[in-house]
Amino acid sequence: MSADFRTCPTTGLKVHAQADRLIKANAVVGVVALLIGGIAALLLLLTRWQVVHLLPADWFYRLLTVHGMNMLIFFILFFEMAILYFASAVLLNSRVAAPRLAWFSFWLMVAGALVVEWTMFTGRADVLFTSYVPLRATPWFYLGVILFAVGALLVVAIFFATLIVAKKERTYTGSIPLVTFGAATAAIIAVITLGHGAAIYIPTFLWSLGIGNVDAQIYRLVWWGLGHSSQQINVAAMVAVWYLLGALTVGSVVINEKISRIAFTLYVLFISMAAAHHLLVDPGLPPTWKVWNTSYAMYLAVLASMIHGFTVPAGIELGQRLRGYTKGLFEWLRRAPWGDPGFSALIFSIIIFGFVGGITGVTFGTEQINIIAHNTLRVPGHFHATVVAGTTLAFMGLTYYVIPLIFRKKVAFWPLARIQPYLFAAGMLIFSVAMTFAGTFGVPRRHYDISFAQAPFDFQFSPAVDLVMTAMAIGGLLAITGGAIYIAITVWSVFFGKPLEAEVKA
Amino acid sequence: MHTGIQSPQGVWWKPVRGGEKLWVGIAFAWCLVLFAMMPLWHLRGGQNPSGIRSKVDPQAFMARTQEFIRTYQVGTENGIPVVEPPPGSDIYLMGMMWSWQPVLRLRKGAQYTLHLSSFDVNHGFSLLPFNINFQVVPGYDYGLRITPTEAGDFRIVCNEFCGIGHHLMIGRVIVVDESEPAAAGASSGAAIGGGNL
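Here goes a summary of the coordinates provided. For every chain, the first residue of its written sequence is number 1, and the numbers climb from 1 along that sequence. Here every chain gets a letter starting at A, and every ligand a number starting at 1, in the order they are written. With the structure being a predicted model, the display of local features is reserved for residues of pLDDT at least 70 and the display and counting of side-chain atom pairs for 80 or more, all residues being used for whole-chain, interface and lining totals. Values reported for side chains reflect all heavy atoms of the structure, with hydrogen atoms and water molecules removed beforehand.

**Details of the overall build of chain A**
Within chain A, the secondary structure is distributed over 15 helices and three strands. Scaling as 2.2 N^0.38, a compact globule of 506 residues should have a C-alpha radius of gyration of about 23 Å, and chain A matches this with 22 Å. Counting only C-alpha atoms and orienting by the principal axes, one finds that chain A spans roughly 70 × 55 × 50 Å. With 506 residues in all, chain A has 64% of them scored as buried. It only takes one pair of heavy atoms within 4.5 Å for two residues to be counted as in contact. Considering only intrachain contacts with a sequence separation of at least 6, the fraction spanning at least 24 residues in chain A is 81%. Neither His nor the chain ends is counted toward charge; the positive residues are Lys and Arg and the negative residues Asp and Glu. A single reference atom marks each charge: NZ on Lys, CZ on Arg, CG on Asp, CD on Glu. Of the charged side chains in chain A, 31 are positive and 19 negative, and the gap between their average positions amounts to 10 Å. Counting from the N terminus, the helices are the DSSP runs of H or I reaching at least four residues and the strands are the DSSP runs of E reaching at least two. For the radius of gyration, the atom set is restricted to C-alpha positions; the globular benchmark scales as 2.2 Å times the number of residues to the power 0.38. Summary of the burial criterion: residues with accessible area below 20% of their type's maximum are buried, those above 50% are exposed, and those between are partly exposed, where the area comes from a 1.4 Å probe applied to protein chains only.

Spelled out as C-alpha cells, the structure:
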C-alpha cells in the first residue's frame, strides 16, 4: 500500500502514484488542446486583421469553432481535471478513489474530444462553439460532446469520492485546506453545468437524428446554463489556483478562512444565474427575469470575486511580511519574487481578471448597456480578459510548479520562462482592451469581413476602428508568442527535461 | 497562520477583522447600487430592451412581412423591396439567410413598433453606426417601440453567426426628415392585417 506513495521533497506531501499519473495524463492532453486552439487563434487573428485577411470564409468559421471548443472546453477542462486530482488526492495525502474508473473517464473524455475534432475539421460541424439550434451539425458532434461531458462528470464524482476516502482513512487532520474547498466549489458548479449540458445536448442530438424538435430560444436559455456556468467552473478553479500559487510562491497566508470560504460558497449559490447575461436582448424572456438573474441576485457572485480580490493580495502581503519584508508600506511588493513565473503569472492574472474582465463583464451585464454591447467585439474582449488572461495565465503559472513537483523535471529554458507571463499578460491586455474599444464602435464578433466587400450594401466603420483592430492584432501576436513559448517550455521539460533527483520513497 | 494548502486545525469560524470587514461592507454596498440601476432605468431611462414579446410561427411571420411589403412598398433596391410605412404603424423586419427584408424608409420623430424575427436560424440585429443590438430568434416576435431621432442612411449588420454567408448579410434603414414628402406610391393610414374589420 505505502509503496504506491512517494513523499514530495518540497512540500512534504504524500503523492499517490495513480494521482501522479492521472495529473500528468490530463495536463498533457490539455496542453495538446491548447496547441490546436492556439494555432487556430493565430490564423483567426490574421484573418480578422483586415490587412492580412488570411483565411477563406469557410475555414474562418470552421477554425472559430475549433478555437472555441479546444480552448473553452478541451484545454481548460482537462487541466481542471488535473487540478481536481491534485486538490483531492495530493493535498489530502490520500489515494485516488476508483483509479480504474478514473482512467476510463479519462479515455472517454479523450474519445469524445477526438470525435468532436474530427467532425469540426472535416466541416461536419460549422456551427461555432455555441451551436445554436436550428443550425445543424452532424449527430456525431453532439455525441462527442456528450461523451466528453459524461467523462468529466465521472471525474467530478471521483473527486468527491476521494474527499470521502481521505476523511474516512484519516489522511489529514482538521478541515480540508482552502484550495481543496475552492476546488470542491468548482466541482459542484461542474455538476450544475454538466446537468444543463445533458439537458440540452441530448435533445439536440436526438433532433439532429430527426427525432423531436428543439425550440431556438429554449436552446439558448439552457445552453447558456452550460456555456456560462462552465466559465464559472473556471473562475472558482482559478481562484483556488490563486490561493495555491500564493502559498507555493511566497507562503501567503489565509487571512480569514470564514470569509474566503463564504465567498467560494457565494459562487455556488449565485453564479449559475449569470447565464442570463447572454439573453439580455433576447425576445423570449421578460425584463423581471433578466434583471433578477443578471444581477446574480444582488450581484452576490460579484461580491465573492471582490472579496477574493482583496483576500488573495492581502494574504500575499502578510506572507511576505512574515518572511521578513516589513520595511515601509511596499517592501513586501518590491522584494516579491518577480522573476518567478508562478508569482508574476499570479499577479497579472488577478489584475487583468479583476480590472479588465470584471469591470467589462459587470458593465454590459446591465440590461440597458447590453443593447450597445451584445454580439460586438466587446464580448470576446471581456472574456479574453477573464478566461485567457485570468484563468489560462493562472494555469500557466501553476504549470511552472507542476513540472518540478509532479513531473519531477527541471523547467527547461528558464530565462524564457521568467519572461513568459509578462509577454502573455501584456499581449492579452492590449488584445482585450483593443477588442473592447472596437466593440464600442459596433464591430461585430464572429464576423469574417467587416469591410463588407461582397455585401449588397456598403458600410464603412469609423477610421478609429482600423487603429484598434491593428492594436488588437499586435496584442494578439504578442500573446500568441507568449503562448508558444509556454507550450515549448512545457513540452520540452516534460519529454526531454532533466529529471530532478532527491526523491524520497515513502 | 497557515497557507491555503494546509488543513486548518480546530475552529476556523472566527470573527472578521478591520480592513477585511470594511472592504466586504464597501463591496456589498456597491453591489446594491448596481442592483438598483437596472430597475431604476426602466422607470427613468430612454432605452430599454423590454419590448412586446410573443411566439410566432416563422411561416406566419413571413406572411405578415410579405403583406407589410405589399401594402407599403415604394421601390426596390438590390432586389430587396423598399417600404415606407406610415408613422405610428407596426413595421416588420425579417432576417433570413442572408438578407434583411425589407429596406425600411422611416420618418424622423415618428413612432413605430418594430417587429423583429427570423425565418430560419438565429440572426443578430445590429444598427450601425449607432451600435444598437438585439438578438433575432426564429419562432419569437420581438416588438420594440422605436422613434428615429436622427435622419440618415443606416445599416443593419447581422452579428449572430448564421452560416457561411453570415458576413454578407447587411440591410438598410433610411430615416428622412419630417418635412420630406413621402415617396411616390406610399400609401398612408391603412392598417395591416385587417383582422379586426
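**Here's the deal with the side chain of histidine 115 of chain B**
Residue and element names in this part refer to chain B. Checked against the element boundaries, histidine 115 lands in strand β7 (residues 112–118). As used in this structure description, the phrase polar contact means that two N or O atoms lie within 3.5 Å; if the pair is within protein, one of them must be able to donate a hydrogen and the other to accept it, and residues adjacent in sequence are counted only when both atoms belong to side chains. Polar contacts involving the side chain of histidine 115 include one to the side chain of aspartate 90, which spans 2.7 Å. At a separation of 2.9 Å, a polar atom in the side chain of histidine 115 contacts the side chain of aspartate 141. Excluding anything up to four places from it in sequence, histidine 115 contacts Phe61, Asp90, Ile91, Tyr92, Leu93, Asp141, Tyr142 and Gly143.

**Quick word on the sheet that holds strand β12 (residues 170–176) of chain B**
Residues and elements named next belong to chain B. Strand order in the open sheet formed by seven strands is β2-β3-β6-β12-β11-β8-β9, and the pairing between neighbours is mixed. Edge strands, defined here as strands with exactly one partner in the open sheet, are β2 (73–77) and β9 (132–136). Neighbour-to-neighbour, the strand axes of this sheet turn through a mean angle of 20 degrees, independent of strand direction. Note on pairing: two strands pair once DSSP finds at least 2 bridges between them. Every angle, taken between N-to-C directions, lies between 0 and 180 degrees, and every axis is a line fitted to C-alpha atoms, over only the stretch in contact when it is a helix.

**A few points about the layout of surface pockets**
Residue and element names in this part refer to chain B. In this analysis a 1.4 Å probe is tested at points of a 1 Å grid over the protein atoms alone, and where it fits but cannot get out there is a cavity; an open set with protein on both sides within 12 Å along at least five of seven lines is a pocket; lining residues have an atom within 4 Å of a point. Grid points are joined across faces, edges and corners, and a volume is the space filled by probe spheres set on the points. Empty space within the second largest pocket amounts to approximately 730 Å³. Every residue lining the second largest pocket is counted, 30 residues in all, and those nearest its centre are Ile132, Arg145, Ile146, Thr147 and Pro148. Listed by contribution, the elements that provide at least two residues to the lining of the second largest pocket are β4 (90–96), β6 (103–107), β8 (123–128), β9, β10 (140–146), β11 (152–158) and β12. A per-element tally of the lining of the second largest pocket places β10 first, with four residues. Under the scheme applied here, ten amino acids are nonpolar (Ala, Val, Leu, Ile, Met, Phe, Trp, Tyr, Cys and Pro), four are charged (Asp, Glu, Lys and Arg), and all others, including Gly, are polar. Among the residues forming the lining of the second largest pocket, the class breakdown is 19 nonpolar, nine polar and two charged.

**Here's the deal with the pairing of β6 of chain B**
Residue and element names in this part refer to chain B. Extensive coverage of β6 is indicated by the burial of five of its five residues. Covered by surrounding structure in β6 are Val103, Arg105 and Arg107 together with Leu104 and Leu106, the residues of both alternating faces. As paired elements, strand β3 (residues 80–83) and β6 share two bridges and run parallel to each other. Looking at the pairing, valine 83 lines up with leucine 104 of β6. Judged from the four bridges that link them, β6 and β12 form a sheet pairing that is parallel. Looking across to β12, one finds that arginine 107 is bridged to valine 176.

**Section: unusual backbone geometry**
Residues and elements named next belong to chain B. A cis amide bond links methionine 97 to the next residue, tryptophan 98, at an omega of -10 degrees. Residue placement: tryptophan 98 occurs in the loop between β4 and β5 (99–101). For the bond running from glutamine 101 to proline 102, omega is -10 degrees, close enough to zero to count as cis. Within the secondary structure, proline 102 is located in the loop between β5 and β6.

**Side note on the pattern of salt bridges**
Opposite charge on two side chains permits pairing when their charged atoms draw close. Each reported salt bridge corresponds to a side-chain nitrogen of Lys or Arg within 4 Å of a carboxyl oxygen of Asp or Glu. The full count for this structure, using the stated rule, is 19 salt bridges over all chains. The closest approach of N and O atoms between arginine 335 of chain A and glutamate 331 of chain A, which form a salt bridge, is 3.2 Å. Residue classification places arginine 335 of chain A among the partly exposed residues on the basis of a relative accessible area of 46%. Among the ionic pairs, aspartate 153 of chain B bridges to arginine 172 of chain B, the shortest N-O distance being 2.8 Å. Remark: arginine 172 of chain B occurs in strand β12 and aspartate 153 of chain B occurs in strand β11; sequence separation between them is 19 residues. By relative accessible area, which is 40% here, aspartate 153 of chain B ends up partly exposed. Three or more residues joined by partner-sharing salt bridges are found here, namely Asp458 of chain A together with Glu77, Asp153, Arg155 and Arg172 of chain B.

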